[in-house]
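Okay, here's what each chain looks like letter by letter:
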Amino acid sequence: MKTDSKSRKQMRRILKQRVSKEEQEALLQEGFRFAAPTKETLILVALYKKAAAGDMNAIREIRALTATEESVNTQGVTIIDNVPDQDS
């Protein structure tokens, strides 16, 4: 699905909206304390909870969101096949 610039702007606006008092209270009851939670906060907490429950897709997404350029391996893996056996 191709997303146009207007849709992206609208989504950003929605995600930046503050949560309701009920939603903020629910976060507090679950042990999540934020000074000014937004709709984006709710999504990130939901993603965290899925990852904490073992959802590998959520874990990968969190790794992608939090990865720094230095922590991303862009060179791949080199397999060395000709290492002599120590018993030889």
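Notes on the structure in this doc start here.

What the protein contains, in helices and strands, is four helices and zero strands. Listed N to C, the secondary structure of the protein is α-α-α-α in terms of helices and strands. The proportion of buried residues among the 88 residues of the protein is 14%. Contacts spanning at least 24 positions in sequence make up 11% of the contacts within the protein whose residues lie at least 6 apart.

With that settled, consider the side chain of Gln24. Within the element layout of this structure, Gln24 appears in helix α2 (residues 21–29). If near-sequence neighbours (up to four positions away) are discounted, Gln24 is found in contact with Arg18, Val19, Phe34, Ala35 and Pro37.

Applying the stated criterion across every chain, the model contains one aromatic pair. With a centroid separation of 6.0 Å and an interplanar angle of 85 degrees, the aromatic rings of Phe32 and Tyr48 are classed as edge-to-face. Placement of the pair is Phe32 in the loop between α2 and α3 (39–52) and Tyr48 in helix α3, with a sequence separation of 16 residues. Overall, Tyr48 belongs to the partly exposed group, its relative accessible area being 45%.

Together, Arg8, Lys9, Arg12 and Arg13 line one region of the surface with positive charge. Here Lys9 shows up in helix α1 (residues 5–15).

Time to look at the packing of α3 against helix α4 (residues 56–66). Look at α3 against α4: their axes get within 8 Å of each other, and the N-to-C directions meet at 125 degrees. Relative to α4, the element α3 lies oblique. Where α3 crosses over α4, the two elements pack in a sense that is left-handed. Note on element contacts: α4 touches α3 through Ala58, Ile59, Glu61, Ile62 and Leu65, opposite Leu44, Leu47, Tyr48, Lys50 and Ala51. Taken together, the residues of the contact of α3 with α4 sort by class into eight nonpolar, no polar and two charged.

How each quantity is defined
Residues numbered from 1 in each chain as written. Predicted model: local features only at pLDDT ≥ 70, side-chain atom pairs only at ≥ 80, totals over all residues. Heavy atoms only, no water. Helix = DSSP H or I, 4+ residues; strand = E, 2+ residues; numbered from the N terminus. Buried < 20%, exposed > 50% of the residue type's maximum accessible area, 1.4 Å probe, protein only. Contact = heavy atoms within 4.5 Å. Phe/Tyr/Trp six-rings, centres within 6.5 Å; stacked < 30°, edge-to-face > 60°. Patch = residues over 30% accessible without salt bridge, like charges linked within 9 Å, V, L, I, M, F, W, Y side chains within 5 Å. Areas by Shrake-Rupley, 256 points an atom, 1.4 Å probe, with all protein chains shown as cover. Salt bridge = Lys/Arg side-chain N within 4 Å of Asp/Glu carboxyl O. Lys, Arg positive; Asp, Glu negative; His and termini not counted. Charge placed at Lys NZ, Arg CZ, Asp CG, Glu CD. Axes fitted to C-alpha atoms, helices over the stretch in contact; angles between N-to-C directions. Parallel < 35°, antiparallel > 145°, perpendicular 65-115°, else oblique. Left-handed = near helix turned anticlockwise from the far one by under 90°. Nonpolar A, V, L, I, M, F, W, Y, C, P; charged D, E, K, R; others polar.

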